[in-house]
Amino acid sequence: MGRERTLAIIKPDAVKQRAMGPILQRYEEEGFRIVEMKLARLTKAEAETFYAVHRARPFFQSLISFMISGPVVVVLLEGERAVERHRTLMGATDPAKAAEGTLRKRYGKSIEENAVHGSDSEATAKDEIAFFFGAAAVSP
Ligand code: GDP
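Before going into details, it helps to say that this report is about the structure given with it. (Residues numbered from 1 in each chain as written. Predicted model: local features only at pLDDT ≥ 70, side-chain atom pairs only at ≥ 80, totals over all residues. Heavy atoms only, no water.)

### Let's talk about unusual backbone geometry
No. 1: Phi at R18 is positive, roughly 60°, even though this residue is not glycine.
No. 2: Locating R18 in the fold gives a position in the loop between α1 (12–16) and α2 (20–29).
No. 3: In this structure, R81 takes a positive phi of about 45° despite not being glycine.
No. 4: By secondary structure assignment, the location of R81 is in the loop between β3 (72–80) and α5 (82–90). (Helix = DSSP H or I, 4+ residues; strand = E, 2+ residues; numbered from the N terminus.)

Right, dumping it as structure tokens:
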């Protein structure tokens, strides 16, 4: 327990619909500290490495194409139980099944174009933070 860090990505669909501001504002309102942040266009290789765990899934190529279709905002968040609290704030993978008030319910368009990414465990968060911001950024 205690303060920890997690990785968020505001995905291309959310950036395109000009939701990066509202989503960042929501992070601040929910008590997260934004430690690092960058607007980036992922390369195909970066997206494939980041989502390597899904390589065998039928939607993998579509997911990669989507993730490189426009700029994303990669955000390093810190707070109490940040991984779990950010997952709750995001909502279910499929926006149609996401709870009211969640980011995916508000901004997601489909199970693929679902507005935000968030690390799904503390171990994954460490890997994802190191991938984008270096090993020194992993711990508070
Ligand atoms: P998450 O942890 O809630 O983001 O969900 P997953 O780790 O299972 O999937 C990673 C990402 O792949 C999701 O956020 C979606 O963008 C995409 N995705 C997941 N399931 C599907 C699917 O069934 N079809 C498509 N096209 N994309 C999917």
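Resuming the write-up.
### A short note on the packing of aromatic side chains
No. 1: Tallied over the full model, the rule gives five aromatic pairs.
No. 2: Both rings, one in F50 and one in F132, keep their centres 5.4 Å apart while their planes meet at 50°; by these two values the pair is tilted. Placement of F50 in helix α3 (residues 44–50) and of F132 in helix α7 (residues 122–133) is noted, with a sequence separation of 82 residues between them. Residues F50 and F132 agree in their burial class; the two are buried.
No. 3: Grouping aromatic residues by their ring pairs yields a cluster made of F50, Y51, F131 and F132.
No. 4: Seen from the ring of F133, K38 lies directly overhead, with NZ or CZ sitting 4.9 Å from the centre.
No. 5: Seen from the ring of F32, R85 lies directly overhead, with NZ or CZ sitting 4.5 Å from the centre. (Phe/Tyr/Trp six-rings, centres within 6.5 Å; stacked < 30°, edge-to-face > 60°. Buried < 20%, exposed > 50% of the residue type's maximum accessible area, 1.4 Å probe, protein only. Lys NZ or Arg CZ within 6 Å of the ring centre and 35° of its normal.)

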